[in-house]
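Commentary on secondary and tertiary structure
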Amino acid sequence: MSSYVAPLKDMLFVINELAGLDDISKLPGCEEVNAELVEAVLGEAAKFAQEVLEPLNRVGDKEGSKLANHVVTSPAGFKAAYQQFREAGWNGLGGMTEYGGQGLPHLVSNPVQEMWNSSNMAFCLCPMLTSGVLEAMRHHGSPEQLQRYVPKLTSGEWSGTMNLTEPQAGSDLAAVRTKAVPEGDHYKISGTKIFITWGEHDMADNIVHLVLARLPDAPEGVKGISLFIVPKFLPNADGSPGERNDVKCVSIEHKLGIHASPTCVMQYGDAGGAVGYLVGEANRGLEYMFTMMNHARLGVGLEGVAVAERAYQHALEYAKTRVQGREVGQRSGDRVTIIHHPDVRRMLMHMKSQIEAMRALAYLSAATLDKAKHHPDAAEKRRHQAVIDLLIPVVKAWCTEQCVEIASTGVQIHGGMGFVEETGAAQYLRDARITTIYEGTTGIQANDLVGRKVGYEKGVTAMAVIAQMRETAAASTGDLSAIGQALSRAIDALQEATQWIVDTFQKNPNAVYAVAVPYLKLFGTVGGGWMMARAAQIAQCKRAEPGADVGFYDTKVTTARFYCEHILPQAAGFRQTVVAGADSVLALSEAQF
Amino acid sequence: MKVLVTAKRVIDPYVKVRVKSDGTGVETANVKMTINPFCEIAVEQAVRMKEAGIVTEIVVVSIGPLQCQETIRTAMAMGADRGILVETAEEVQPLAVAKVLKAIVEKEQPRLVIMGKQAIDDDSNQCGQMLAALLGWPQATHISNVTVNGDSAEITREIDGGLEKLTVKVPAVVTADLRLNEPRYVTLPNIMKAKKKPLENIKPDALGVDVKPRLKTLKVEEPAKRSAGVKVADVQELVAKLKNEARVI
Ligand SMILES: Cc1cc2nc3c(=O)[nH]c(=O)nc-3n(C[C@H](O)[C@H](O)[C@H](O)COP(=O)(O)OP(=O)(O)OC[C@H]3O[C@@H](n4cnc5c(N)ncnc54)[C@H](O)[C@@H]3O)c2cc1C
Ligand SMILES: Cc1cc2nc3c(=O)[nH]c(=O)nc-3n(C[C@H](O)[C@H](O)[C@H](O)COP(=O)(O)OP(=O)(O)OC[C@H]3O[C@@H](n4cnc5c(N)ncnc54)[C@H](O)[C@@H]3O)c2cc1C
């Protein structure tokens, strides 16, 4: 079995050259960030991911987390690894500096997150949820709440969870029913939350649940939901975990993948109500969730990049060792490893080229998120915010959908052994499968894209991004002109489809939502092509420098060419579906299905 | 007590090493580099001794191109206090390394020098020994344990027959073997702090040392590919082959 090796070269290439680390270093608060620091951080993170987290990935899958008497026990080795993880300070990577975090920008923390996810996605979900809670606190917590919870969450002594989903409220969070009744300086929370990731476990000293619930007098729907902090142990005055709160895990799910990550049914208020503290103002809970959504959704998009990378490395290793058949046209002589077969090459290139495109788009989004957060100029800040709002649903849904396909190709390269658990290839496919579902399904991301992000604003930001793509296509000349032409055609398709969405959105929204997912995939496919064309341009320039890593840059250009020849042509098909495919989606009556 | 540790920059052990097409050496350009694992153990030992209150200052030295600064930063992220880069583009051979280190030892006056027993690239296993000889200091190589008590150090060495215990007078040069300790994972806050620790850059000339190579590499080539094995029918045949063909027993 292969072991994970962090793709540092590609990561650093994308960070430094494509996403533009220099621009990030110029932002206020990011002055300390430079290429040398990034290399040191990524280098040490790679070691930790490879040596500590990865060896637990199979163990976690096989053993899973276990529940007995409301106590969840994580798989062997996880607790110790978590301890090591937090002692090494990794939990505080992007955290607020005033509370012990390192305050590193997304363009640094997200690549590190990719490594955690490649090596052990189920483990990584625990710190990832904590960082989600921290993000919500950063924006909406009171000074007292920040003091009380943020240092411990930043160090990882305590972990965090997101309690949104209920049996009747999944994609539609407006249907949340969990109750919050005021009592003195706090609230009594009661109700059932389902699917709560790492909702209960033995790795941290305390668990801080962020819970969506309704006040007794709250209005119906989205404007009647509030956000509460509900700690597993109520903190004592000195900050230590105190009295056990009235919240418990009543069951955990048996699932397709991420077995090590407990997915908990959480029961609040069986003994009269769990003590909860309101975050921000009443009835604004869903709005608050939205402020941290970009952060969380980019995180899941990165899971897609990460698991796809792992599946690729695993398949590549197998392709280099499995001997089967002879080279095309040879009837005698030695049998060869399957990497000699053209179709296996095609599968590997299919994986590799899309992963590199996905990584580039995800890191570009990270850089854009940093600029939206830190840019000193208000207009620039707004512009970057609009771009990131547009890109997030694309990165989340496209990277995860492609990841499922890539992990499936990984199984295919293993032949029969891919279907057998022993090789480990199947785990990546099983783990990947959740990424298109949680944090908003692909359907919900696509709705967001065609609705809030393109339809309502009449395509203004989308067209601005398309104009940037055109600049890249136009600059792909000389040896890269074939790439430029392929990209141009794909951009035409994207622009036409975008125009159709804008034109149709008011008069026939149902038609728009019927083709929202093909439109999102079109956006991702062309966005990926844009990134690969830029990568090829940079590679072309860099390879001429003295001492350049010619092998790396040539590989990049060839990979970009493959993307243009094999992936980008799909854009025309998606466009056709978008502009002409809505009717048949909606034509059948329910009874005709 | 002040300690001097060394940190050589070598090809990362995860990387597959390739011989240059012209046979002059191995490919190091654009290859991931890291701190020599035995030097890492040496640094770890110094840091542990500092944490135990025996050592007051750790100075880390690397000799080579400018990029060795990264190696020094790694050692400083582990806990070394300051760094010295002796910058040179020359291929530095063991005797040159020992001479450079001697000059630095004379300047810094450490009570103990801890080095890796060898570097995983050239596997020379000579620098520590040469340095001790040049300084006229005691040496203890391939150590798996060290405790310093005042003017002497109790040492355990790994030798073919087992473990050898000895006492050396300090100042001394010791070289670390694999089982001396297990180096820690560098923590993120310490990576950030390492950026601010002092790092001095000096040239061999300034130390009055000529680092010109004295050995000439004639040719580097890949080891011969292993040919296919043969299946033996039973133990008797195996023993016979080991005796008569392989002549190893
Ligand atoms: C392993 C796991 C971990 C999870 N972790 C957490 C967690 O930590 N915290 C938490 O709060 N939740 C968590 N969830 C819940 C997760 O976010 C929801 O499962 C997800 O939002 C989908 O909701 P649902 O399961 O109710 O599906 P539904 O909303 O019932 O969706 C079913 C199908 O209908 C589609 N659909 C629904 N509404 C629409 C619409 N308006 N337009 C188009 N299509 C639509 C969906 O795309 C989907 O295909 C987790 C879930 C799982 C499985
Ligand atoms: C659940 C299960 C049930 C099975 N049942 C049976 C059964 O009842 N009887 C039986 O006899 N067998 C059975 N098999 C075996 C099955 O038919 C083989 O697994 C299948 O033929 C693939 O062979 P392989 O696993 O050796 O993969 P390999 O042949 O090693 O293929 C690995 C990869 O290389 C590619 N590849 C290999 N050669 C070439 C080539 N020349 N050109 C291009 N690509 C190539 C493949 O497409 C694949 O992607 C079963 C397997 C499984 C997993």
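Residues numbered from 1 in each chain as written. Chains lettered and ligands numbered in written order. Predicted model: local features only at pLDDT ≥ 70, side-chain atom pairs only at ≥ 80, totals over all residues. Heavy atoms only, no water.

1. Regarding helix α13 (residues 425-432) of chain A
With seven of eight residues buried, α13(A) lies mostly within the body of the structure. Packing partners of the buried residues in α13(A) comprise α4 (55-63), α6 (106-140), α9 (293-321), α11 (378-413) and α12 (416-419) of chain A. (Buried < 20%, exposed > 50% of the residue type's maximum accessible area, 1.4 Å probe, protein only. Helix = DSSP H or I, 4+ residues; strand = E, 2+ residues; numbered from the N terminus. Contact = heavy atoms within 4.5 Å.)

2. Comments concerning the confidence of the model for chain B
This prediction gives chain B a mean pLDDT of 95; 100% of its residues lie at or above 70. Here the complex is predicted with pTM 0.94, and the ipTM for its interfaces comes to 0.88. (pLDDT = per-residue confidence, 0-100.)

3. Describing the domain arrangement of chain A
Assigned domains of chain A: these are domain 1 (157-286) and domain 2 (458-585). If you average the C-alpha positions of domain 1 of chain A and of domain 2 of chain A, the two centres end up 42 Å apart. (Domains from an automatic or database assignment.)

4. Re the packing of α11(A) against helix α15 (residues 460-475) of chain A
Residues and elements named next belong to chain A. Taken N-terminus to C-terminus, the directions of α11 and α15 make an angle of 90 degrees; their axes are 10 Å apart at the nearest point. Between α11 and α15, the interaxial angle falls into the category roughly perpendicular. Every residue of α15 that contacts α11 at A386, V387 and L390 is listed here: T461, A462 and V465. Residues that form the contact of α11 with α15 fall into these classes: five nonpolar, one polar and no charged. (Axes fitted to C-alpha atoms, helices over the stretch in contact; angles between N-to-C directions. Parallel < 35°, antiparallel > 145°, perpendicular 65-115°, else oblique. Nonpolar A, V, L, I, M, F, W, Y, C, P; charged D, E, K, R; others polar.)

5. A closer look at the interface of chain A and chain B
Each partner contributes residues to the interface: chain A has 27 residues there, and chain B has 16 residues. Of the roughly 1900 Å² buried between chain A and chain B, counting both surfaces, carbon and sulfur atoms make up 57%. Among the residues chain A hides against chain B, the three largest losses belong to E32(A), E44(A) and Q102(A). Together they make up 26% of the total. There are three salt bridges connecting chain A and chain B. (Buried area = accessible area lost by both parts, 1.4 Å probe. Salt bridge = Lys/Arg side-chain N within 4 Å of Asp/Glu carboxyl O.)

6. Quick word on the site of ligand 2
Residues and elements named next belong to chain A. In the vicinity of ligand 2, the contacting residues are R322, Q324, I338, H341, V344, M347, Q412, I413, G415, G416 and F419. Interatomic distance of 2.6 Å between a side-chain N/O atom of R322 and an oxygen atom of ligand 2. One nitrogen or oxygen atom from the main chain of Q412 is found 2.7 Å from an oxygen atom belonging to ligand 2. Burial of ligand 2 by the protein chains amounts to 41% of its free accessible area of 970 Å². Put simply, the parts of the chain that give the shell around ligand 2 at least two residues each are α10 (342-374), α11 and α12. Of the residues assigned to the shell around ligand 2, the class counts are five nonpolar, five polar and one charged. (Near = heavy atom within 4 Å. Polar contact = N/O pair within 3.5 Å; in protein donor to acceptor, adjacent residues only side chain to side chain. Areas by Shrake-Rupley, 256 points an atom, 1.4 Å probe, with all protein chains shown as cover.)

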